[in-house]
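What follows is each chain in one-letter form.
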Amino acid sequence: PTQIVADDIGTVRARLRWIGNGLHTGYRLRYREQTADAAWFEEEMTNTYLIASGMKPGTTYEYELCGVCNFYESPFSQRQTFATLPANPDAFVC
């Protein structure tokens with residue numbers, strides 16, 4: 001997979017997307033808070049995006065992706081980061 005980006009970032013979610021490789025049968029994406037002891041959240045999918053949710057506002061996350069082809073996995077991509085938006089205490093909540 002190539003051109004891995006995080007976009008449509010909110011306070012508690014982000015979309016992670018990439019350009020797939022036709023030879024892969026799926027993708028494995030993992031992300032976590034950018035701290036040394038944070039646990040990875042790992043998802044396996046066949047589409048070329050993931051909407052990650054349940055995140056903390058105003059927090060930096062790191063993520064990486066690999067391609068899957070049956071029993072083979074490509075190496076993970078170079079680790080990248082994004083930050084969720086800070087919470088807005090003045091936001092209207094219905």
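This section reports on the structure supplied with the text. (Residues numbered from 1 in each chain as written. Predicted model: local features only at pLDDT ≥ 70, side-chain atom pairs only at ≥ 80, totals over all residues. Heavy atoms only, no water.)

1. Some details on the environment of R15
So, point 1. With respect to the helices and strands, the residue R15 is situated in strand β2 (residues 13-19).
So, point 2. A residue is classified by how much of its surface remains accessible, and R15, at 28% relative accessible area, is partly exposed.
So, point 3. With 32 residues separating them along the chain, R15 and N47 place their C-alpha atoms 13 Å apart.
So, point 4. Look past the residues within four positions of R15 in its chain and what remains in contact with it is V5, A6, D7, D8, L50 and I51.
So, point 5. At a separation of 2.8 Å, a polar atom in the side chain of R15 contacts the side chain of D7. (Helix = DSSP H or I, 4+ residues; strand = E, 2+ residues; numbered from the N terminus. Buried < 20%, exposed > 50% of the residue type's maximum accessible area, 1.4 Å probe, protein only. Contact = heavy atoms within 4.5 Å. Polar contact = N/O pair within 3.5 Å; in protein donor to acceptor, adjacent residues only side chain to side chain.)

2. Comments concerning the pattern of salt bridges
So, point 1. Under the counting rule described, the total for this entry stands at eleven salt bridges.
So, point 2. A salt bridge links D8 to R13; the nearest nitrogen and oxygen atoms lie 2.8 Å apart.
So, point 3. What makes D8 partly exposed here is its relative accessible area of 43%.
So, point 4. The closest approach of N and O atoms between E64 and R79, which form a salt bridge, is 3.1 Å. With E64 in strand β6 (residues 60-69) and R79 in the loop between β7 (72-73) and β8 (80-83), this pair connects stretches of sequence that are 15 residues apart.
So, point 5. Its relative accessible area of 5% is what places E64 among the buried residues.
So, point 6. Each of the salt bridges in this network shares a partner with another, and the network as a whole consists of R30, R32, E62, E64 and R79. (Salt bridge = Lys/Arg side-chain N within 4 Å of Asp/Glu carboxyl O.)

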